[in-house]
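The lines below spell out each chain.
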Amino acid sequence: MASESKASDAPSVGVVVPAYAPDVLTLEQYVGEIRATFDSVTVRVELDAPRQAHVDRLSESVDELNVSTTRRGKGGAIMDGFDALADTHDLLAFADADGSVPAASLHDVVRQVAEGTADVSIASRRHPASHIVDHQTVVRRFLGDAFARAARWMLPTQCRDYQCGAKAVSSAAWSAIGHHCYEPGFAWDLEFVSVAGSLGYEIAEVPVDWEDHPDSTVDPLTTSVELATALVDVKRRTDAIAESPRYHDVQATTDSTLMKLGADDDGD
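Note that the structure is predicted; figures quoted are calculated from it, not measured. (Residues numbered from 1 in each chain as written. Predicted model: local features only at pLDDT ≥ 70, side-chain atom pairs only at ≥ 80, totals over all residues. Heavy atoms only, no water.)

**Q** Explain helix H7 (residues 188-198) to me, and be specific about the residues and the numbers.
**A** Burial within H7 is extensive, with eleven of its eleven residues counted as buried. Positive phi shows up at Gly200, right after H7, with a value of about 85°. (Buried < 20%, exposed > 50% of the residue type's maximum accessible area, 1.4 Å probe, protein only. Helix = DSSP H or I, 4+ residues; strand = E, 2+ residues; numbered from the N terminus.)

Below, the structure written as structure tokens:
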């Protein structure tokens with residue numbers, strides 16, 4: 001059951017958490033923190049190729065659990081979750097299952113869309129105001145920085161951090177953006193941001209607290225190869241949007257807006 005609304009005018013938020021071989025205790029704690037932080041929220045866990053013990057346990061502790069017997073990939077899981085929640089929720093968000101972006105920071109990301117500051121809001125580890133609790137390894141940081149520079153050079157929308165694991169979008173905007181999203185894996189974040197910018201949606205880049213989880217199932221080298229390959233495909237697809245007669249009147253978003261959260265903007 002979704003959390004009860006604490007304010008009658010609060011927009012309903014559907015949060016998707018894609019999970020593959022998660023630490024179940026960490027995931028349960030994170031879901032509880034999200035539910036305690038938001039006014040009106042449904043947390044839907046998209047669980048890929050799980051053990052039955054994980055299914056049994058999470059069925060008792062999350063609002064909605066959708067199980068896939070195969071590994072869809074991060075992007076595939078998020079898109080399935082967004083599509084399932086879009087008709088019944090005003091806003092959509094996703095967060096990585098390891099809780100690297102805490103619930104309070106996820107709330108800051110979602111609030112930009114809820115308050116109409118932007119159509120799309122993305123967490124950013126590279127925002128000047130972000131607080132990195134525990135840094136990635138040197139290799140991960142080097143690969144991440146190199147990829148971010150390459151993406152800024154190739155893609156129509158400039159962001160500091162395309163890949164940080166928390167993003168939000170209005171359900172109405174998702175109906176347009178989702179039509180152009182195809183990436184099933186980790187490159188989905190990149191595609192989502194690039195498509196949103198190509199369609200002219202405002203993008204807010206939001207500072208967050210962030211903590212690396214070295215026990216992640218993500219392999220930095222294989223993921224880097226996947227992202228580099230996908231970057232070419234994403235550029236081709238977003239170039240097609242820009243060249244399409246259907247969108248000739250659309251003014252693409254060239255830069256994200258770096259949000260500066262005030263003293264009162266702490267997610268309370």
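Next comes the rest of the write-up.
**Q** So, the side chain of Ser171: which residues are in play, and what are the values?
**A** Considering the arrangement of structural elements, one finds Ser171 in helix H6 (residues 171-177). Overall, the relative accessible area of 11% leaves Ser171 in the buried class. Here the side chain of Ser171 touches His89 through a polar contact of 2.5 Å, landing on its backbone oxygen. Discounting chain neighbours no more than four positions away, the residues touching Ser171 are Ala86, His89, Asp90, Leu91 and Leu92. (Polar contact = N/O pair within 3.5 Å; in protein donor to acceptor, adjacent residues only side chain to side chain. Contact = heavy atoms within 4.5 Å.)

**Q** Break down the packing of aromatic side chains for me, with residues and values.
**A** Going through the model one piece at a time under the given rule, you end up with six aromatic pairs. Arranged with centres 6.2 Å apart and planes meeting at 55°, the rings of Trp174 and Trp188 form a pair that is tilted. In this pair, Trp174 is assigned in helix H6 and Trp188 in helix H7, connecting sequence segments 14 residues apart. Judged on exposure class, the residue Trp174 and its partner Trp188 are both buried. These aromatic residues form a ring-pair network of at least three members: Phe82, Phe94, Trp174, Trp188 and Phe192. In this structure, Arg71 is placed above the aromatic ring of Tyr20, and the distance from its NZ or CZ to the ring centre is 3.6 Å. (Phe/Tyr/Trp six-rings, centres within 6.5 Å; stacked < 30°, edge-to-face > 60°. Lys NZ or Arg CZ within 6 Å of the ring centre and 35° of its normal.)

**Q** Give a detailed account of the pattern of salt bridges, specifying residues and quantitative values.
**A** The tally for this structure, following the rule as stated, stands at 18 salt bridges. Notably, a salt bridge pairs Arg44 with Glu46, separated by 2.6 Å at the nearest N-O pair. The class for Arg44 is buried, based on a relative accessible area of 14%. Its relative accessible area of 0% is what places Glu46 among the buried residues. Salt-bridge contacts for Lys235 lead to Asp239; the nearest nitrogen and oxygen are separated by 3.2 Å. Of this pair, Lys235 and Asp239 both sit in helix H8 (residues 220-243), four residues apart, which is roughly one turn of the helix. What makes Lys235 partly exposed here is its relative accessible area of 27%. Taken together, the salt bridges that share partners define one network made up of Arg44, Glu46, Asp48, Glu64, Arg72 and Asp80. (Salt bridge = Lys/Arg side-chain N within 4 Å of Asp/Glu carboxyl O.)

**Q** Describe the pairing of strand S4 (residues 91-95), with residues and values.
**A** In terms of burial, S4 is a largely internal element, five of the five residues being buried. The alternating pattern of S4 places Leu91, Ala93 and Ala95 on one face and Leu92 and Phe94 on the opposite face, and all of these are buried. The pairing of strand S1 (residues 13-20) with S4 spans four bridges and is classified as parallel. The residue bridging Val16 from the neighbouring strand is Phe94, located in S4. Bridge count for S4 against strand S7 (residues 166-170) is five bridges, and the pairing is antiparallel. When the bridges of S7 are listed, Phe94 appears paired with Lys167. (Pairing = 2+ DSSP bridges.)

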